[in-house]
Every structure is written in structure tokens, then in C-alpha cells.
Amino acid sequence: MGALAKGYTDARWIAAATLDRYLQNTKHPQIFGTQTILRTNATTHQENPPTREPFDTTLVPDSLRLILGVPDLKTLASRLAAKDFNSAEDDN
């Protein structure tokens, strides 16, 4: 956040991703959708579909996601469906 405040624009995505990771670790839904969760079913030992849940998709508009280098919701969903877990708009 300090780097972002000082104008270091390459820190945009990592600031959003860090907030999402913090929210996950404190048992809250992420708000940017940068964190993909991969789990295996304990009974069948088969891989569950990848997810970004819990994810509050209503809190942050796509316009803010793009400012912070995170793709819009439609792009995030299509990447997840394709098992492309990249959550950065560019090469962050």
C-alpha cells in the first residue's frame, strides 16, 4: 500500500491480491477475486472445480478492479472456467 501511495503503479495488483489474501485468512470473502482455491474432495480424492469463493462480487465495481490491474468479473469467470488462474490484467 505504501508503494502504491508513493505512485509505484506496479504495486496495484499486489495491493489488491494482498487484501484478498488477508480477507481469506480472516474468514471473510475476497473482494477483487485474485485468489483461486483448489481443493481435493476428502472422500473421493478427486479434485473439486477451482473456485474463487467466498467472493463478494458486488462490493467492488469493475472500474476499480481495472484501475488496480485486476480483470473485470466476466474475464475472471472465463479464465476460471478455462482453468487459467491468472488474476492480473497484465504481467503483474
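Look up a bit, the structure's there.
All values reported here derive from a predicted model rather than from experimental measurement.

Visitor: Before we go on, may I ask you to explain the pattern of salt bridges in this structure?
Guide: Any two side chains of opposite charge can pair if their charged atoms end up close together. The full count for this structure, using the stated rule, is two salt bridges. Glu-47 is the salt-bridge partner of Lys-83, the closest N and O atoms lying 3.8 Å from each other. One end of the pair, Lys-83, is in the segment after helix 4 (73–81); the other, Glu-47, is in the loop between helix 2 (12–25) and helix 3 (62–67), with 36 residues separating them in the sequence. Classification of Lys-83 as exposed rests on a relative accessible area of 51%. Across the pair Asp-62 and Arg-65 runs a salt bridge, and its minimum N-O distance is 3.1 Å.

Visitor: What is the right way to read the nonpolar core from this model?
Guide: Within the largest apolar cluster, twelve residues are counted, these being Trp-13, Ala-16, Ala-17, Leu-23, Ile-31, Phe-32, Phe-55, Val-60, Leu-68, Val-70, Leu-76 and Ala-88. In terms of residue count, helix 2 provides more of this core than any other element does, four residues in total. If sequence neighbours within four positions are ignored, Val-70 has contacts with Trp-13, Ala-16, Phe-32, Thr-34, Arg-65, Leu-76, Ser-87 and Glu-89.

Visitor: Hey, could you run me through helix 2 in this one?
Guide: Taking 1.5 Å of rise per residue, the 14 residues of helix 2 would be expected to cover 20 Å, and the 20 Å separating its terminal C-alpha atoms lies within 8% of that figure. For helix 2, every residue scored as buried is listed here: Trp-13, Ala-15, Ala-16, Ala-17, Asp-20, Leu-23 and Gln-24. The inward-facing, buried residues of helix 2 contact helix 1 (2–5).

Visitor: Quick question: what am I supposed to make of the environment of Gln-35 here?
Guide: Structurally, the position occupied by Gln-35 is in the loop between helix 2 and helix 3. Residues Gln-35 and Arg-65 lie 30 residues apart in sequence; the distance between their C-alpha atoms is 14 Å. Apart from the residues within four sequence positions on either side, Gln-35 is in contact with Ala-17, Asp-20, Arg-21, Gln-24, Gln-30, Thr-51 and Arg-52.

Visitor: What exactly am I supposed to notice about the side chain of Arg-79 here?
Guide: As for its placement among the helices and strands, Arg-79 is situated in helix 4. Among buried charged residues, Arg-79 stands out as having no salt bridge; its nearest opposite-charge side chain is Asp-84, 4.2 Å away. Beyond its immediate sequence surroundings of up to four residues, Arg-79 is in contact with Pro-71, Asp-84, Asn-86, Ser-87 and Ala-88.

Definitions and cut-offs
Residues numbered from 1 in each chain as written. Predicted model: local features only at pLDDT ≥ 70, side-chain atom pairs only at ≥ 80, totals over all residues. Heavy atoms only, no water. Salt bridge = Lys/Arg side-chain N within 4 Å of Asp/Glu carboxyl O. Helix = DSSP H or I, 4+ residues; strand = E, 2+ residues; numbered from the N terminus. Buried < 20%, exposed > 50% of the residue type's maximum accessible area, 1.4 Å probe, protein only. Core = buried A, V, L, I, M, F, W, Y, C linked by side-chain atoms within 4.5 Å. Contact = heavy atoms within 4.5 Å. Expected span 1.5 Å × (residues − 1). Lys, Arg positive; Asp, Glu negative; His and termini not counted.

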